[in-house]
Amino acid sequence: MTVALFTLGGTIAMAGAGAGGVVARLTGADLTAAVPGLADVPLDVRDVETVPSAALAYRQILDLVDAAAGAVAGGATGVVVTQGTDTLEETAWLADLVWPHAAPLVFTGAMRNPTLAGPDGPANLLAAVRVAAAPAARDLGVLVAFADEVHAARFVRKTHSTSTGTFVSPNAGPLGHVVEGRVRVLTRPPRHAPLPAVDRQRLAATRVALHTVTLDDDVALLDAVAAGRDGLVVAGFGVGHVPPAFAPALGALAGRIPVVLTSRTGAGSVLRDTYGAVGSERDLRRRGLVDGGLLDPYKAKVLLRLLLAAGADRPAVAEAFARHG
């Protein structure tokens, strides 16, 4: 039983507090040496890149997924990825959309760097390794292990800028917990089939915009944000509402590119047929917007970009969001 560990930097790998601030300096070997209890699980440690998670791109994550698949093919029981938490909810979801294996692929990181009192990185890494090695975690897709909780990538959100309990799944709750070193999975949501492989060059050329609607918003911003884009995600008020002036503009855009309607609230689904005013969810669906369901705007953007890079038309986009959202 071997767990492959891929390191991507981030707060969990920070060191060197001083006038210049902390920077990522710790290798995978440094990280594992600082964790009591890891000795009982053989690790194959691979340092990939040492970058802030804000600097990551789709290509890097897809390359990492390929490497993780290679580790599983080579006999690894599961895979752990350490990275910064800024984009972890998006990178884990991106990986989940294409991960085809039963073996767990587990993302983790830290909120408190090792120069602070009570750094959470060692405990998170230990939990992630235990999840990756656990038979109970198989066939759950990509997971996030944080604060001794196990979350599905498709549900998890970063909800606080500094708290060690930042990762929660507002719509579903955690799938399980790590208790006294034992991985306890309490619920098993059905997995979706992975998306087809995407050509990296086509993906790099696919551009998707995100606009979050605000009070007394300027409708002219829509044309600016959507110019030259292949798709648009709109984060509407509440259950999927926009100012009345936005409705015809979004309808016109939906005639040219896929436009996905989501909620800016961070939890809950957009509705389909409850409200009927101009700018309501029912009005926007009638104008051709795609229902984003339970997907938050950030996850919707990841899914839409992958779909468009694979050549999906609007009906195919709608079908995919009906399945994943």
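So, how was this worked out
- Residues numbered from 1 in each chain as written.
- Predicted model: local features only at pLDDT ≥ 70, side-chain atom pairs only at ≥ 80, totals over all residues.
- Heavy atoms only, no water.
- 1 Å grid on protein atoms, 1.4 Å probe; cavity = no way out; pocket = protein on both sides within 12 Å on 5 of 7 lines; lining within 4 Å.
- Points joined across faces, edges and corners; volume = space filled by probe spheres on them.
- Helix = DSSP H or I, 4+ residues; strand = E, 2+ residues; numbered from the N terminus.
- Nonpolar A, V, L, I, M, F, W, Y, C, P; charged D, E, K, R; others polar.
- Pairing = 2+ DSSP bridges.
- Buried < 20%, exposed > 50% of the residue type's maximum accessible area, 1.4 Å probe, protein only.
- Right-handed = clockwise from strand over helix to strand, strands pointing away.
- Contact = heavy atoms within 4.5 Å.
- Core = buried A, V, L, I, M, F, W, Y, C linked by side-chain atoms within 4.5 Å.
- Axes fitted to C-alpha atoms, helices over the stretch in contact; angles between N-to-C directions.
- Parallel < 35°, antiparallel > 145°, perpendicular 65-115°, else oblique.
- Left-handed = near helix turned anticlockwise from the far one by under 90°.
- Salt bridge = Lys/Arg side-chain N within 4 Å of Asp/Glu carboxyl O.

Enquirer: I keep staring at empty space enclosed by the protein and nothing clicks. Help me out?
Expert: Left-over empty space is what a probe sized like a water molecule reveals as it rolls over the atoms. One pass over the full model with this rule turns up one cavity of 30 Å³ or more. Empty space within the largest cavity amounts to approximately 150 Å³. If you trace the largest cavity, you find 15 residues lining it, with Asp96, Gly141, Arg154, Arg191 and His192 closest to the centre. The element best represented in the lining of the largest cavity is helix H3 (residues 88-98), accounting for three residues. Its residues placed into classes, the lining of the largest cavity shows nine nonpolar, three polar and three charged.

Enquirer: Where do I start with the sheet that holds strand E14 (residues 231-236) in this structure?
Expert: Pairing between the strands of a sheet comes from backbone hydrogen bonds, and it takes one of two forms, parallel or antiparallel. Read across the sheet, four strands follow the order E13-E14-E15-E16 without closing on themselves; strand pairing throughout is parallel. Unpaired on one side and paired on the other, strand E13 (208-212) and strand E16 (290-291) mark the two borders of the sheet. Where E14 meets strand E15 (residues 259-263), five bridges bridge the pair, whose relative direction is parallel. When the bridges of E15 are listed, Leu232 appears paired with Val259.

Enquirer: Explain the pairing of E14 to me, please; I cannot follow it from the model alone.
Expert: Along a regular strand, successive side chains alternate from one face of the sheet to the other. When you tally the buried positions in E14, you get six out of six residues, the bulk of the element. The sheet contact formed by E13 and E14 spans five bridges and is parallel. Each residue of the ladder has a partner; that of Val208, found in E14, is Gly231. One crossover worth recording links E13 to the parallel E14 by way of helix H6 (residues 220-226), and it is right-handed. Each parallel crossover has a hand, and the one from E14 via helix H7 (residues 246-254) to E15 is right-handed.

Enquirer: Even after reading the chapter, I still don't get the side chain of His324, so can you show me in this structure?
Expert: Take His324: it is sitting in helix H10 (residues 314-324). Once you skip the residues sitting within four places of it in the chain, His324 turns out to touch Trp93, Leu97, His192, Leu195, Leu295 and Leu303.

Enquirer: Would you explain the nonpolar core in this entry?
Expert: Note that soluble globular proteins tend to have their nonpolar side chains buried in a common cluster. In terms of nonpolar packing, the biggest core is built from 54 residues, with Leu105, Phe107 and Phe321 touching the most fellow members. Taken together, the elements giving at least two residues each to this core come down to strand E1 (3-7), helix H2 (58-73), strand E5 (78-82), H3, strand E6 (105-108), strand E7 (142-146), helix H9 (297-309) and H10. Per-element accounting of this core gives the leading share, nine residues, to H2. Those residues in contact with Leu105 that sit more than four places away from it in its chain are Ala68, Val79, Val81, Ala95, Trp99, Gly141, Val142 and Leu143.

Enquirer: Looking at this model, I keep getting lost on unusual backbone geometry. Mind explaining?
Expert: A positive phi angle is found at Glu180, which is not glycine, with a value near 50°. Relative to the helices and strands, Glu180 is located in the loop between strand E11 (176-179) and strand E12 (182-185). A residue is classified by how much of its surface remains accessible, and Glu180, at 84% relative accessible area, is exposed. Within the chain, Asp216 stands out as a residue other than glycine whose phi angle is a positive 55°. With respect to the secondary-structure elements, Asp216 resides in the loop between E13 and H6. Taking relative accessible area as the criterion, Asp216 reaches 74% and is therefore assigned exposed.

Enquirer: Just checking my understanding: could you explain the packing of H2 against H3 for this structure?
Expert: Each packed pair of helices is defined by two parameters, the angle between the axes and the distance between the axes. Their axes nearest at 10 Å, the elements H2 and H3 cross at an angle of 50°. Classified by the angle their axes make, H2 and H3 are oblique. The handedness of the crossing between H2 and H3 comes out as right-handed. Of the residues in H3, those touching H2 at Tyr58, Ile61, Leu62 and Val65 are Thr91, Leu94, Ala95 and Val98. Of the residues belonging to the contact of H2 with H3, the class tally is seven nonpolar, one polar and no charged.

Enquirer: Even after reading the chapter, I still don't get the pattern of salt bridges, so can you show me in this structure?
Expert: Think of it this way: side chains of opposite charge can pair up when their charged atoms draw near. One pass over the structure, following the stated rule, counts 13 salt bridges. In this structure, the salt-bridge partner of Arg59 is Asp63, at a minimum N-O distance of 3.5 Å. Of this pair, Arg59 and Asp63 both sit in helix H2, four residues apart, which is roughly one turn of the helix. Exposure remark for Arg59: the relative accessible area of 47% places this residue in the partly exposed category. Here the salt bridges do not stand alone but share partners, grouping Arg59, Asp63, Asp66 and Arg200 into one network.

Enquirer: For this particular structure, what's the right way to read the sheet that holds E11?
Expert: Taken in spatial order, the eight strands of this open sheet run E4-E1-E5-E6-E7-E8-E11-E12, and their pairing is mixed. The open sheet is flanked by strand E4 (43-47) and E12, the only strands paired with a single partner. Across the sheet, the mean angle separating the axes of adjacent strands is 25° when strand polarity is ignored. Bridge count between E1 and E5: five bridges; the pairing is parallel. By the bridge assignment for E5, Thr7 is matched with Thr82. H2 contacts E1, E4, E5 and E6 of the sheet and is inclined by roughly 160° relative to E1. Strands E6 and E7 of the sheet are contacted by H3, whose axis makes an angle of about 170° with E6.

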